[in-house]
Amino acid sequence: MKIDVAKTAGFCFGVKRAVDTVYAEAAKGGKVYTYGPIIHNEEVINELGRMGVEIVNDPEEAAAKPPGTIVIRSHGISKQEEEALIATGHRVVDATCPFVKKIHKIVFEESEKGKGIIVTGDREHPEVKAISAWCGHKAHIIADIDEAKDFKGEENKEYVVVSQTTFNTKKFKEIVEILKKNVYYINVMNTICCATEERQKEACEMASSHDAMIVIGSANSSNTRKLFEICRQQCASTYFIQKLIDLDLKQFKSFCCVGITAGASTPNKIIKEVLTVMEENFAQLMEESFKTVHTGQVVEGKVISVKEDEIILNIGYKSDATVSRGEYTNTPNVDLTKCVKVDDVMNVKILKVDDREGTVLASYKRLAAERSSKVLEEAFNNKTVLKAPVSEVLNGGLIVEIDETRIFIPASLVSDTFEKDLTKYKGQEIEFVLTEFNTKRRRIIGDRKQLVSAQKEEKKQAVLSKIKVGDVVEGVVKNVTDFGAFVDIGGVDGLLHISEMSWGRIENPKKIFKSGDNVRAFIKEISGDKIALSMKFADQNPWANADEDFAIGNVITGKVARMTDFGAFVEIVPGVDALLHVSQISKKRIEKPQDVLKVGQEITAQILDFNYDEKKISLSMRALEESDDEAEEAAEEAPAEEAKEE
Ligand code: SF4
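As a convention, each chain's residues are numbered from 1 in the sequence order in which they are written. Predicted model: local features are reported for residues with pLDDT of at least 70 only, side-chain atom pairs are reported and counted for 80 or more only, and whole-chain, interface and lining totals are derived from all residues.

Details of the environment of S373
As a reminder, the rule being used: Secondary structure counts use DSSP, requiring at least four H or I residues in a row for a helix and at least two E residues in a row for a strand, with both numbered from the N terminus. A pair of residues counts as a contact when their C-beta atoms, built from backbone coordinates, are separated by no more than 7 Å.
Tracing the chain through its elements places S373 in helix α14 (residues 365–382). On a C-alpha basis, the gap between S373 and I444 in space is 9.7 Å, while along the polypeptide they are 71 residues apart. Residues contacting S373, with those up to four places away along its chain left out, are T405 and T439.

Description of the pairing of strand β25 (residues 493–497)
We apply this condition: Think of it as a crowd count around each C-beta: if 20 or more other C-beta atoms lie within 10 Å the residue is buried, if 12 or fewer it is exposed, and in between it is partly exposed, with C-beta placed from the backbone throughout. Only strands that DSSP links by at least two bridges are regarded as paired with each other.
On β25, burial follows the alternation: G494 and L496 on one face are buried, whereas D493, L495 and H497 on the facing-out side are not. Of the pairings in the sheet, the one linking strand β24 (residues 484–488) to β25 comprises five bridges and is antiparallel in character. Note that in β25 the partner of D488 across the bridge is D493.

Focus: the packing of helix α5 (residues 98–112) against helix α6 (residues 126–134)
Basically, it comes down to this: Inter-axis angles, ranging from 0 to 180 degrees, are taken between N-to-C directions of lines fitted to C-alpha atoms, where helices are fitted over the stretch in contact. Note on convention: the crossing is left-handed when the near helix lies turned anticlockwise from the far helix by less than a right angle, right-handed when the turn is clockwise. Each residue gets one of three labels, nonpolar for Ala, Val, Leu, Ile, Met, Phe, Trp, Tyr, Cys and Pro, charged for Asp, Glu, Lys and Arg, and polar for the others, Gly among them.
As a packed pair, α5 and α6 sit with axes 8 Å apart at the nearest point and diverge in direction by 30°. Here α5 runs over α6; the crossing is right-handed. Of α6, the residues touching α5 (which contributes V100, I103, H104, V107 and F108) are E127, I131 and W134. Classifying every residue of the contact of α5 with α6 by side-chain character gives six nonpolar, one polar and one charged.

Some thoughts on the environment of C257
Structurally, C257 can be placed in strand β12 (residues 257–262). Accessibility expressed as a C-beta count within 10 Å gives 13 for C257, which makes it partly exposed. Once residues within four sequence positions are removed from consideration, C257 is found in contact with M1, K2, D4, H210 and D211.

A word on the sheet that holds strand β29 (residues 567–573)
Ordered in space as β28-β29-β30-β32-β31, the five strands form a closed barrel in which the pairing is mixed. Looking at each pair of strands side by side, their axes are set apart by 50° on average, direction ignored. Strand direction decides the pairing type here: strand β28 (residues 555–564) and strand β31 (residues 602–611), joined by five bridges, are antiparallel. Bridge pairing in β31 links K559 to E602.

Thoughts on helix α1 (residues 13–27)
Rules: Here, expected helix span is obtained from the residue count minus one, scaled by 1.5 Å. As used here, the arc belongs to the directions running from the helix axis to the C-beta atoms.
With 15 residues, α1 extends 21 Å between its outermost C-alpha atoms, agreeing within 8% with the 21 Å of an ideal straight helix rising 1.5 Å per residue. Residues of α1 that are buried include every one of G14, V15, A18, V19, T21, V22 and E25, and no others. Down the axis, α1 shows its buried residues gathered within 150° of arc, on one side only. Seen from the buried face of α1, the exposed residues on the opposite side, beyond 90 degrees, are D20, A24 and A27. Buried positions along α1 lie against β2 (32–35), α2 (42–50), β4 (69–72), β5 (91–94) and α5. Looking at the residues trailing α1, positive phi occurs at G29, about 105°.

Overview of the environment of K250
Examined against the element boundaries, K250 turns out to sit in the loop between β11 (238–241) and β12. Taking C-alpha positions, K250 is 8.3 Å from G316, a pair spaced 66 residues apart along the chain.

Comments concerning the site of the ligand
Selection rule: We call a residue near a molecule or strand if the C-beta atom, set from the backbone, is within 6 Å of it.
Surveying the vicinity of the ligand reveals 14 residues, the closest of which are C12, G14, C97, F99 and C193. Counting only elements with at least two residues in the shell around the ligand, the list comes to α1, α5 and α9 (194–209). With three residues, the top contributor of residues to the shell around the ligand is α1. Here the residues of the shell around the ligand are counted per class, giving nine nonpolar, five polar and no charged.

A short note on the sheet that holds strand β7 (residues 140–142)
Taken together, four strands build an open sheet; the order of strands is β7-β6-β8-β9 and the sheet is parallel. A strand with exactly one partner marks an edge of an open sheet, and here the two such strands are β7 and β9 (185–188). Between one strand axis and the next, the sheet turns through 25° on average, direction left out of account. Bridge count for strand β6 (residues 116–120) against strand β8 (residues 158–163) is five bridges, and the pairing is parallel. Among the inter-strand pairings, I117 is bridged to a residue of β8, identified as V160. Lying on the sheet, α5 is in contact with β6 and β8; it crosses β8 at an angle near 170°.

What follows is the structure, given as structure tokens:
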């Protein structure tokens, strides 16, 4: 790489003179002020500030300051301001550039002669403001072609045209051509400083013969901005930097020759720094410009930009590499700005290099898949348990991904029980082992079922080792059948048979239990891994005091629970039904119990018979009727007997 610095780069004669003046005055040790910033360059201003040089912006501000020396900058000031500064009592050193001074003289003298003054330039620039002040603010300021076209001079008036010293020469000439058509008497004095003109000319030539240009200067400096414009018209790869820190070397890695120029307010020190760094890194830049990459190569890259669907990486090659969303991940519509950030470092595989187009396409996904393929092969051989999130739910199973490698888990291998709807697994992290690994056929099959079964078995054995007959356990109903309910008691299922659900009679377990119900039961029996449960707790046994409670002859009250043709079953205590035979309902003849009784009806009856072994109790309402009759009869007979005795 060839690096050329423009001879005219940096301080012009006038600026150098003004800056040197300030440094010289500061070195003398007295208090030094500059009237406005001495130069459009923050670096220099800050350095002077550290030396104690202060900026004053108007005569009033200057008057309030301790006595010292005020240096007028190269742009110059108006006559009135100069007089006001002298009146403050400070020592005034005029560092106005002699070329600018000359313009002041022209406009002052020519306006005194009654001529009109036209100034081409930026009306906000201090130099232009001062020029205008030197002719009593009567100057016409023309900034561009349009303003020139709009200018209509006074008839029979002679005009003198001068220019801001840093104005673009080409533009000045164009404006003058237009003015000549509109103004009859016109005297053109090209006051554009040759320093500016030469700098612009050299920059223009340099830009047209170099691959890239660096323009150094303050963003506030109009002459530097103009320089940049001129260079960019000739060379698309023109870069504006204010100081060394703005220099991005990798922008220059693909250029063979680079030109450097700088605005009038740019100190030589900064130009030298930029040149030194460029030269010191020359070898590295050269190396990068010669570096090649080829398809299939794995390279390390640093993220320099990331959008929702694209990542740009600096891979140390003359062109940056692009990783599209589809080459970053298999997951559709991922926002890449949420996955990577600028300055992240990542390895990628080169897919395509097009030097003519200056493009490099790379893939992160494929490299990750290759890496994970090795990991998966090892896991397959060693039967390692893997863990990954479910990225997709298909009709026939699940897809999980490890580093962009897709693994299929068939529905039959998802769990130990058949699950019709697998959508609940979406996004869930699940464990599995590989049962098939065939990259050639692109078949990598996972199995979760065997892990689920093993875990359940382990849990089951743990429960079985802890429980014993008689233990009271809490469980959850998993399944209800006609013969009972299966209850999960913490990892193992126990059967609660219909006959063990209650001391009473259960018609159908489904009428009492449903899946998910909580159950408290005790272990009735353990046989291998089969567990029988019971809810017939001894302290709730209605037969415990059966001899007393159900003694023949006892009169009890109960509710009709159900009826058959031969009689009604009456619940006399919870869980104990007694038979009231149709013949025992009444002393009258009754065809069917339903003719005189209703389910739920409360009746009073006498215990006629009780068989503890068979748990059978017979009731009789008729017996009570008959004993009532006997009592009545006895009552009726008693007075007659008494009367007979009397
Ligand atoms: S550019 Fe020309 S006129 Fe302006 S200060 Fe520099 S030398 Fe003087």
